[in-house]
Amino acid sequence: MPEIAIVGRPNVGKSALFNRLVGRRIAIVHDMPGVTRDRIAAPSQLTKTACTIVDTGGIGAMLDDGFGAQVTTEADIAMSTADLILFVVDAQDGLTTIDQSLAQRMRKAKGKVQLIVNKADNAEADAVIGDFARMGFGAGLPVSAAHGKGMQQLADTIDGHVAHLEQEREDAEEKVSREGLKIAIIGRPNAGKSSLTNAILKDDRTIVSEVAGTTRDSIDIPYERLGEQHTIIDTAGIRRRTKMDSSVEVFSSMRAERSIRRADICLLVIDVAAGVTAQDRKIARMVLAEKKPCVIVLNKFDLYHPDGNRSARLEEAEEHVRKELFFLAYAPFVAVSAKNRQSVGLVFEQITYIRKQAQNVIGTGQLNRLLQDSMQKYPPQAKKGQKRMKLLYATTAVNDHYTAIPVPTYVLFVNDKRLLAESYEQYLANRIREHFDTPGVPVTFSVRSRNNKPSR
Ligand SMILES: Nc1nc2c(ncn2[C@@H]2O[C@H](COP(=O)(O)OP(=O)(O)OP(=O)(O)O)[C@@H](O)[C@H]2O)c(=O)[nH]1
Ligand SMILES: Nc1nc2c(ncn2[C@@H]2O[C@H](COP(=O)(O)OP(=O)(O)OP(=O)(O)O)[C@@H](O)[C@H]2O)c(=O)[nH]1
């Protein structure tokens, strides 16, 4: 559901406006540290379209170092999470320096900022409205939350914006259904990528050969499966030329990288008979770096201790692969024999399951509760002489454009990101994984604090 955030310095009337929009009379108090979205977000009652109104006021209160920092943090949260920001100023106070610094901060999100001039109760107030235009967000919409003035125009503005978003989403969905799921088949030369592609397509459109790196080029193969559109990106090796022998691996990893970027999901083909090699690890790291959904395909399983019992072999193979590719722990794996077209259906079972589970994006309220709860159970350790890491607020940012498999980034707003240890981040990631079953999709964080620019 689209999110409309109300941002502004203290006392401009954010709560009053919030209450108007959500149809509540009583003011909401923000006296709890670590307020979660539940207490400050509510469905809009005034608009035609369904959306959530979020009052950011109070989120930054935990910072206890002045409302300047508080308001800035709230604006940052709104910018990274909201679909539309209602930037509220006070017609009776006129333009203040805090308004101006907020404006400065929000300039990069200009397209989604709507200036609201509140407390425009009467004609006198209208006189100062022109001043606010200096901030660069237009003249602003004059309203009076206290008297209910301008509420219809405000509702119309929000509706207009939501309709625009809806159109964008529909266009993107249409594109996805047209193009289908883009599946990159990657792996080192000779792992069996072409064989897997053929097994999937059940014909011999690509040439399979005994020599490493024989396939001509990476190719996009559109095809339909059970009424669903897919595109297979077959990242084949390169033509083997004698003088190029030593660079075969370099070229193939460049190709792999390009394919990974374009894909919605990667099938990382491992020649299980040969074991995980340095090049497999390199390609796996590319998948992780691009934050792509992934299934590990253990190919040539027919050659892996063929006489042993299947489940024991599988267990052993899994142990090896998990150990070698520990950083790709989110990726489920399947053992197949592409050449014999064995178990190839399992690959699609995984893809379908991943796709289905990925549609359940965690709600902000749930996420905040889970993380606060996790932090209470096992609080972050403070190093000597250092502050303890505090989580102000967490939210989920799904990659901007609609994709077949959305990959969320968990945005954590903390007091100081330098206090967040990698092991602690891992702990939080594991908690998320435990509670929200999204196999095949990486759990990644973007950690922000007011002292530092976002870097992760
Ligand atoms: N005259 C007038 N007063 C208003 C209007 N809207 C809000 N107020 C008053 O302004 C004061 C602050 O309103 P709030 O809604 O609490 O402001 P806020 O921005 O949420 O404040 P913080 O919670 O401190 O961030 C209250 O005394 C409101 O009654 C308005 O449209 N006109
Ligand atoms: N035993 C066995 N051999 C396989 C299997 N899959 C592929 N192979 C063989 O492995 C070799 C390489 O297979 P390809 O599909 O050409 O591998 P590729 O990854 O596309 O190779 P490049 O084009 O070099 O990147 C061929 O000889 C295949 O017959 C399998 O499941 N079992």
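In the annotation of an unreviewed UniProt entry, the protein is listed under the name GTPase Der and assigned to Persicirhabdus sediminis. Within the UniProt record for the protein, the comment given under Function (unreviewed entry) is "GTPase that plays an essential role in the late steps of ribosome biogenesis." Turning to the protein, the UniProt annotation filed under Sequence similarities (unreviewed entry) states: "Belongs to the TRAFAC class TrmE-Era-EngA-EngB-Septin-like GTPase superfamily. EngA (Der) GTPase family."

**Q** I'd love a proper account of the pattern of salt bridges, names of residues and values included.
**A** Going through the model one piece at a time under the given rule, you end up with 14 salt bridges. A salt bridge links E318 to R322, with the shortest nitrogen-to-oxygen separation between them at 3.8 Å. Taken as a pair, E318 and R322 lie in helix α10 (residues 310-324) at a separation of four residues, close to a single helical turn. For R322, a relative accessible area of 25% puts it in the partly exposed group.

**Q** I'd like a description of the site of ligand 1, backed by residues and values.
**A** In the neighbourhood of ligand 1, 15 residues make up the surrounding shell, with N11, K14, S15, A16 and D121 lying closest. G13 places a main-chain nitrogen or oxygen 3.0 Å from an oxygen atom of ligand 1. At 3.1 Å, a side-chain N or O of N118 approaches a nitrogen atom of ligand 1. In terms of residue count, helix α1 (residues 14-22) provides more of the shell around ligand 1 than any other element does, three residues in total. By residue class, the composition of the shell around ligand 1 is five nonpolar, six polar and four charged.

**Q** Describe in detail the sheet that holds strand β2 (residues 41-43), supporting the description with residues and values.
**A** With respect to topology, six strands assemble into an open sheet ordered β2-β3-β1-β4-β5-β6, the strand pairing being mixed. The sheet is open, and its two edges are formed by β2 and β6 (141-142), each paired on a single side. Note that strand β5 (residues 113-118) and β6 share two bridges and pair parallel. Bridge pairing in β6 places I116 opposite L141.

**Q** Can you tell me about the layout of surface pockets, naming the residues and giving the values?
**A** Its boundaries defined by the atoms lining it, the second largest pocket holds a volume of some 670 Å³. In terms of lining, the second largest pocket is formed by 19 residues, of which the most central are L288, E425, Q426, V443 and T444. For the lining of the second largest pocket, the secondary-structure elements that each account for two or more residues are α9 (278-289), α13 (422-435) and β15 (444-448). Ranked by residues supplied to the lining of the second largest pocket, first place goes to α13 with six residues. Tallied by class, residues from the lining of the second largest pocket come to ten nonpolar, three polar and six charged.

**Q** Describe the packing of α1 against helix α6 (residues 151-179), with residues and values.
**A** Two elements in contact, α1 and α6, have axes whose closest approach is 11 Å; the angle formed by their N-to-C orientations is 75°. Put simply, α1 runs roughly perpendicular to α6. Residue-level inspection shows L17, R20 and L21 of α1 in contact with α6, the latter providing M151, L154 and I158. Partitioned by chemical class, the residues of the contact of α1 with α6 number five nonpolar, no polar and one charged.

What counts and what doesn't
- Residues numbered from 1 in each chain as written.
- Chains lettered and ligands numbered in written order.
- Predicted model: local features only at pLDDT ≥ 70, side-chain atom pairs only at ≥ 80, totals over all residues.
- Heavy atoms only, no water.
- UniProt positions renumbered as here; feature names shortened; annotations may be inferred.
- Salt bridge = Lys/Arg side-chain N within 4 Å of Asp/Glu carboxyl O.
- Helix = DSSP H or I, 4+ residues; strand = E, 2+ residues; numbered from the N terminus.
- Buried < 20%, exposed > 50% of the residue type's maximum accessible area, 1.4 Å probe, protein only.
- Near = heavy atom within 4 Å.
- Polar contact = N/O pair within 3.5 Å; in protein donor to acceptor, adjacent residues only side chain to side chain.
- Nonpolar A, V, L, I, M, F, W, Y, C, P; charged D, E, K, R; others polar.
- Pairing = 2+ DSSP bridges.
- 1 Å grid on protein atoms, 1.4 Å probe; cavity = no way out; pocket = protein on both sides within 12 Å on 5 of 7 lines; lining within 4 Å.
- Points joined across faces, edges and corners; volume = space filled by probe spheres on them.
- Axes fitted to C-alpha atoms, helices over the stretch in contact; angles between N-to-C directions.
- Parallel < 35°, antiparallel > 145°, perpendicular 65-115°, else oblique.
- Contact = heavy atoms within 4.5 Å.

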